[in-house]
Amino acid sequence: MKRRFLIVAATAAAMLAGCHSGPKPDAPVPSASAMPGYKTYKMRGKIVFTNASTGEVTVQHAAITGFMEAMTMPYKVKDPNILSELHPGDTITADLLVSQHDDADIVLDNIVVVAQAKPDYKPQAIYHVPQAGDTVPDFALRNQDGRQIHLNQFRGKQLLVTFIYTRCPLPNFCPRVTRNFADLHRRIAADPALAGKTHLLCVSFDPDNDTPARLRAYGATYIGSDAALAFERWDFAVPDKPTLTKMAHFFDIGLTNEADNTITHTLSTTLIGADGKVERFYPGNEWTVDEVFTDVKRSAAKA
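Position numbers for residues start from 1 in each chain and track the written sequence from start to end. Given that this is a predicted model, residues contribute local features only at a pLDDT of at least 70 and side-chain atom pairs are listed and counted only at 80 or more, while totals for whole chains, interfaces and linings are drawn from all residues. Note: side-chain values were computed over all heavy atoms of the structure, leaving out hydrogens and water.

**What about helix H5 (residues 289-302)?**
So, point 1. Think of it this way: any DSSP run of H or I at least four residues long counts as a helix, any run of E at least two long counts as a strand, and we number them from the N terminus. Take the number of residues in a helix, subtract one, and multiply by 1.5 Å to get its expected span. With 14 residues, H5 extends 20 Å from end C-alpha to end C-alpha; this agrees with the ideal 20 Å at 1.5 Å per step.
So, point 2. Every buried residue belonging to H5 is among Val289, Val292, Phe293, Asp295, Val296, Ser299 and Ala300, and all of these are buried. Each buried residue of H5 lies within a common arc of 160 degrees when the element is viewed along its axis, so the set occupies one face. Exposed positions of H5 whose direction lies more than 90 degrees from the buried face are Ala301 and Lys302. When a residue's accessible area, from a 1.4 Å probe over protein chains only, is under 20% of the maximum for its type it is buried; when over 50% it is exposed; and in between it is partly exposed. The directions from the helix axis to the C-beta atoms are what the arc is built from.

**Let's talk about unusual backbone geometry**
So, point 1. Residue Asp252 is not a glycine yet carries a positive backbone phi of 60 degrees.
So, point 2. Relative to the helices and strands, Asp252 resides in the loop between helix H4 (241-250) and strand S12 (255-257).
So, point 3. With a relative accessible area of 5%, Asp252 lands in the buried category.

**Things to note about the sheet that holds strand S15 (residues 278-283)**
So, point 1. Strand pairing follows a simple DSSP-based rule, namely that at least 2 bridges must link the two strands. Pairing is mixed across the open sheet formed by seven strands, whose spatial order is S8-S7-S11-S10-S9-S14-S15. Pairing within the sheet leaves two strands with one partner each, and these edge strands are strand S8 (148-150) and S15. Taking each pair of neighbouring strands and ignoring which way they run, the sheet shows an average axis angle of 30 degrees.
So, point 2. Pairing of strand S7 (residues 140-143) with S8, which is carried by three bridges, proceeds in the antiparallel orientation. Note that in S8 the partner of Ala140 across the bridge is His150. For every element, the axis is a line fit to its C-alpha atoms; helices are fit only across the contacting stretch, and the angle between N-to-C directions ranges from 0 to 180 degrees.

**With respect to the packing of aromatic side chains**
So, point 1. Pairs were defined over the aromatic rings of Phe, Tyr and Trp, the Trp ring being its six-membered one, requiring ring centres within 6.5 Å. Orientation was assigned from the angle between planes: stacked under 30 degrees, edge-to-face over 60, tilted for the rest. For the structure on display, the rule yields 13 aromatic pairs.
So, point 2. Between the aromatic rings of Phe163 and Phe251, the centroid separation amounts to 5.5 Å while the plane-to-plane angle is 55 degrees, which identifies the pairing as tilted. Here Phe163 is found in strand S9 (residues 158-164), whereas its partner Phe251 is found in the loop between H4 and S12, with 88 residues between them in sequence. Both residues of the pair, Phe163 and Phe251, belong to the buried class.
So, point 3. For the pair Tyr218 and Phe236, a centre-to-centre distance of 6.0 Å together with 80 degrees between the ring planes defines the contact as edge-to-face. Taken together, the residues Tyr218 in helix H3 (residues 212-223) and Phe236 in strand S11 (residues 234-238) connect sequence positions 18 residues apart.
So, point 4. Residue class for Phe236 comes out buried when judged on its relative accessible area of 0%.
So, point 5. The structure contains a cluster of three or more aromatic residues connected by ring pairs, namely Phe181, Tyr218, Tyr222, Phe231, Trp234, Phe236, Tyr282 and Trp287.
So, point 6. Placement of a positive charge over a ring is assigned whenever Lys NZ or Arg CZ falls within 6 Å of the ring centre and within 35 degrees of the normal to the ring plane. Sitting over the face of the ring of Phe293, Arg187 holds its NZ or CZ atom 4.4 Å from the ring centroid.

Structure, rendered in structure tokens:
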């Protein structure tokens, strides 16, 4: 039996790594479900994964006539409860309504599951959405110097953790988050009240390729130096594969290794307080440097 849902999605402000091309400005396909100020296109694709923390569903869809080539993209869901009805591997059809206003919203309407991946589907893994007060496990990683580090070694400081991989091809994903961390790094270093109380950590989810040497070269590009003390307040590190799986589940990171050797992924950033517990969780890449810097100062003042 077909299942039908009405879902509203926000713009592709966050296309996943693994996308392959951009939109084409051709004529739209008319639709009876069109909204004022929107153009309508027909979509068919497969659910890659859902992300409850951001209210997003990621769709690997075929070429959309008159708009874009085949692509993998996340769409925000108006009613997050609907995510429980969409499962990885489900094939869907939908109307794609594209806003012609400056906000560039994209709306998925009239979603129909035309083929279920599995009847009575049960997910292989349960993802944890970090909440304030959650104790963060003492994950172990290998940093840019080839040295093993543990999250618990940063107890007594505010720790900002985000996830990247150095081969990420999309400027609005890993590079954007790392640039934001570079801005935070400079602002924290310039604030005597924070410089000794805050540490940054970029965790790679590409253990097959992100060696310590590659992480160091990548980090030095954003820090602006490869000097001995350049990484004193900012580590770039990668866990082994079993630990990566555990970290991805705890920090709500969805990962899919693609056939072309790219990684389709979600993003998350977490502020961990001096007590080793979650202070704030920032899903996606929409957070701002000002927002996080303010939270870091507030957290440091409590320590």
